[in-house]
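Structural overview
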Amino acid sequence: MMRPALVAAMLALGGCGKDQPVSFQPPPGAPTGKEILHQPAKLTSVESDQKDALGRPLRVSCESCHSLRETKPMPSRPEELKEFHQGLRFRHGELACTSCHQAREPRTLHLATGEPLPMTEVVTLCAQCHGPQYRDFKAGAHGGMTGYWDLSRGDRMRNNCVSCHDPHTPKYAGAHPVMPPRNPSAHGEPDTKEAQGHE
Amino acid sequence: MSDIVSRRTMMKGAGATLGAAAFAHAMAPLTEWSKDLSVDEFLQKHYKELTRDELGRVLLHLKEETKRKYGRDVDIQALPPQEGVSFAYALNLSICIGCRKCAEACHQENNHDRRTGNSYIRVLEMQQGSLDLEHGNANYDHPVPAEGKYYLPVQCHQCDNAPCVKVCPVQATWKEQDGIVVVDYNWCIGCRYCEAACPYHARRFNWAKPEIPPEEINPDQGYLSNRIRPQGVVEKCTFCLHRTRAGRLPACLEACPTGARVFGNLLDPKSPIRWVLENKRVFVLKEELGTRPRFFYFFDK
Ligand code: SF4
Ligand code: SF4
């Protein structure tokens, strides 16, 4: 059963692939000594205005439309987008769509040099502008992870930039906190006055 | 404990002169006093003195007891500290949004009482520009991050110079080789001295027998960590040692949706925790007290 607060938080953090209710995940398979980069499904899909049973936005694969008809060249500003792409919110500095997407092949990216880049290589793309974050990411000090700290005993799954940041509005979304405070009772309440330091 | 004779040594002496049945009878009020502890558990040797066989029997007994009291089959292990491993934790305060997902994960992972919503992690809402813990608010309930605030999650810092360990009159709490400060819940007498001594409010007292529906019990348990605690004892964060001693990341780190948390082995130069200590400006809380925490904080700027 899911508490409303949890659902609200999941909605608020909808972009983050990791933001699922915590469960006791079995340890990942046999160790390979590797870090595995999480590949979020949203790379090749857009949000529809419908929600799934848990209230999360349903996403529609790009292929649903684009396998049937040709993709138009990408406009430079999101306001010029039509149909499905119309509601796209964009708050990412002064960038144009074509700063990252290839104008004639919107399902692939390109580096600053113009060299094409598959969607799955977002980390390389983001790293061009976000050096300090990329440095921290490589060191294991930016971005969430699951699995093993000790790679000799199991794998570690790392988030990818877009697991948590919507590339079009990258500032991390807010949330409603989970674990709401409990009413104090005579015995057994953890955190009331003490928690606030008025011991 | 040289000049203090432990209560168990005393009781054992008494047992030898009384005879087993009479002794058990005589002990009954004591088990009442110590709530959930059976006579066997009360008479158990100190954890550090248990042989492998004895420990095996204790673990088996605890598993059976959990089944009886909570209706759930669980696995309780006593993983020892690993050679060459010394744990530390760091938290990036520029990234934390105060969502308390870490506290919730702790609540579930460590089999906390559902009714009280306990957790070893308190997330304090702090005024930007201030580091005054006493004015942090742990009971906020509005969308986060709030304007002008930042969030400071606090849990046990596994202090190298731990005041909680020093004040325990029966040595029921101590520091292990990998840096984790543990509590033997079967040995703790519930005097709460340690709770009072901890400057970080990182210890909790079990006022009542924890209530957890069987299907919500995390069956992956450790003797010194997340097994369901008896009533009347003190407990605390152990960096999830039943997980971390098996090489896994702590539950709070895995649950953090922003990646604010960094964990690792201080003795491994390639560990992310070493990178943070070497490349970020880290600080500890209440440094002036000389507790020497293993939990570090940093900001990006
Ligand atoms: S889960 Fe992460 S972001 Fe949320 S309060 Fe805990 S440390 Fe902060
Ligand atoms: S933070 Fe508190 S409970 Fe943890 S080791 Fe330090 S004094 Fe002890």
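Residues numbered from 1 in each chain as written. Chains lettered and ligands numbered in written order. Predicted model: local features only at pLDDT ≥ 70, side-chain atom pairs only at ≥ 80, totals over all residues. Heavy atoms only, no water.

Right, let's talk about the overall build of chain A for a bit. The helix and strand inventory of chain A stands at six helices and eight strands. Surface accessibility of chain A: about 11,800 Å² in total, with carbon and sulfur atoms responsible for 57%. (Helix = DSSP H or I, 4+ residues; strand = E, 2+ residues; numbered from the N terminus. Areas by Shrake-Rupley, 256 points an atom, 1.4 Å probe, with all protein chains shown as cover.)

Each helix and strand in chain B was counted, giving 10 helices and 12 strands. Counting every position in chain B, which comprises 301 residues, the buried fraction comes to 59%. Long-range pairs, those at least 24 residues apart, make up 66% of the contacts in chain B between residues at least 6 apart in sequence. (Buried < 20%, exposed > 50% of the residue type's maximum accessible area, 1.4 Å probe, protein only. Contact = heavy atoms within 4.5 Å.)

Before going further, it helps to examine the sheet that holds strand β4 (residues 101-102) of chain A. The strands that make up a sheet are held in pairs by hydrogen bonds between backbone atoms, and each pair lies either parallel or antiparallel. All names here are of chain A. Taken in spatial order, the three strands line up as β4-β5-β6 in an open sheet, and their pairing is antiparallel. At either end of the open sheet lies a strand with only one pairing partner, and these are β4 and β6 (116-117). Direction of pairing for strand β5 (residues 105-110) relative to β6: antiparallel, over a ladder of two bridges. Looking across to β6, one finds that Leu109 is bridged to Leu117. (Pairing = 2+ DSSP bridges.)

For the rest of this paragraph, the subject is the site of ligand 2. Taken together, 13 residues form the shell around ligand 2, and within it Cys156, His157, Cys159, Cys164 and Cys198 of chain B come nearest. Residue composition of the shell around ligand 2, grouped by class: nine nonpolar, two polar and two charged. (Near = heavy atom within 4 Å. Nonpolar A, V, L, I, M, F, W, Y, C, P; charged D, E, K, R; others polar.)

It is worth spelling out the sheet that holds strand β12 (residues 295-298) of chain B at this point. Residue and element names in this part refer to chain B. Ordered by their spatial adjacency, four strands build an open sheet running β10-β2-β12-β11, and the pairing between neighbours is mixed. Taken across any chain shown, the strands that pair with only one partner, and hence form the sheet edges, are β10 (261-265) and β11 (282-283). Bridge count for strand β2 (residues 87-92) against β10 is five bridges, and the pairing is antiparallel. Paired with Phe87 across the strands is Asn265, a residue of β10. Its contacts with the sheet put helix α10 (residues 272-279) on β2, β10, β11 and β12, and the angle it makes with β10 is roughly 110 degrees. (Axes fitted to C-alpha atoms, helices over the stretch in contact; angles between N-to-C directions.)

Attention shifts here to the site of ligand 1. Neighbouring ligand 1 are Cys96, Ile97, Gly98, Cys99, Arg100, Lys101, Cys102, Pro153, Cys256, Pro257, Thr258 and Arg261 of chain B. Partitioning the shell around ligand 1 into residue classes produces seven nonpolar, two polar and three charged.

This brings us to the environment of Asp75 of chain B. Residue and element names in this part refer to chain B. For Asp75, the location among the structural elements is in strand β1 (residues 75-77). Expressed as a C-alpha distance, the spacing of Asp75 and Phe263, which sit 188 residues apart in the sequence, is 25 Å. In this structure Asp75 touches Lys63, Pro219, Asp220 and Gln221, once residues within four positions along its chain are discounted. A polar atom in the side chain of Asp75 sits 3.2 Å from the side chain of Gln77. (Polar contact = N/O pair within 3.5 Å; in protein donor to acceptor, adjacent residues only side chain to side chain.)

Quick look at helix α5 (residues 101-109) of chain B now. Residue and element names in this part refer to chain B. With nine of nine residues buried, α5 lies mostly within the body of the structure. The complete set of buried residues in α5 reads Lys101, Cys102, Ala103, Glu104, Ala105, Cys106, His107, Gln108 and Glu109. Positioned one or two residues after α5, Asn111 has a phi angle of 55 degrees, which is positive.

Generally speaking, soluble globular proteins have nonpolar side chains that are buried together. Residue and element names in this part refer to chain B. Formed by 75 residues in total, the largest nonpolar core has its most connected members in Leu152, Tyr223, Phe239, Phe263, Leu285 and Tyr297. For this core, the secondary-structure elements that each account for two or more residues are α4 (52-70), β2, α5, β3 (122-127), β4 (149-154), β6 (181-183), α9 (251-255) and β12. In terms of residues, this core owes the most to one element, α4, which gives five residues. The contacts of Leu152, once residues within four sequence positions are left out, are Leu93, Arg122, Val123, Leu124, Met126, Leu133, Leu285 and Tyr297. Membership of the second largest hydrophobic core comes to 11 residues, among which are Ala90, Ile273, Val276 and Val284. (Core = buried A, V, L, I, M, F, W, Y, C linked by side-chain atoms within 4.5 Å.)

Chain-level pLDDT for chain B is 91 on average; 89% of the residues reach the 70-or-more range. ipTM for the predicted complex: 0.88, alongside a pTM of 0.84. (pLDDT = per-residue confidence, 0-100.)

Let's shift gears to the side chain of Arg156 of chain A. Residue and element names in this part refer to chain A. Summarising the element assignment, Arg156 is placed in strand β8 (residues 156-158). At 2.7 Å, the side chain of Arg156 and the backbone oxygen of Trp149 are in polar contact. Among residues more than four places away in sequence, those in contact with Arg156 are Lys34, Glu35, Ile36, Met145, Thr146, Gly147, Tyr148, Trp149 and Leu151.

Here the focus is the side chain of Thr258 of chain B. Inspection of the secondary structure puts Thr258 of chain B in the loop between α9 and β10. Within polar-contact distance, the side chain of Thr258 of chain B engages the backbone nitrogen of Ala260 of chain B at 3.5 Å.

Right, let's talk about the packing of aromatic side chains for a bit. This model, assessed by the stated rule, comprises 15 aromatic pairs over all chains. Ring-pair connections join several aromatic residues into one group, and the members of that group are Trp149 of chain A together with Phe87, Tyr89, Tyr150, Phe239, Phe263, Phe283, Phe295, Tyr297 and Phe299 of chain B. The cationic tip of Lys209 of chain B hangs over the ring face of Tyr70 of chain B; the distance from NZ or CZ to the ring centre is 4.9 Å. The cationic tip of Arg227 of chain B hangs over the ring face of Tyr223 of chain B; the distance from NZ or CZ to the ring centre is 4.1 Å. (Phe/Tyr/Trp six-rings, centres within 6.5 Å; stacked < 30°, edge-to-face > 60°. Lys NZ or Arg CZ within 6 Å of the ring centre and 35° of its normal.)

Per the counting criterion, the structure on display carries 23 salt bridges over all chains. The salt bridge involving Arg135 of chain A is made with Asp136 of chain A; its shortest N-O contact spans 3.0 Å. Note on Asp136 of chain A: relative accessible area 3%, which makes it buried. Among the charged side chains, a network of salt bridges with common partners joins Arg135 and Asp136 of chain A together with Lys280 and Asp300 of chain B. (Salt bridge = Lys/Arg side-chain N within 4 Å of Asp/Glu carboxyl O.)

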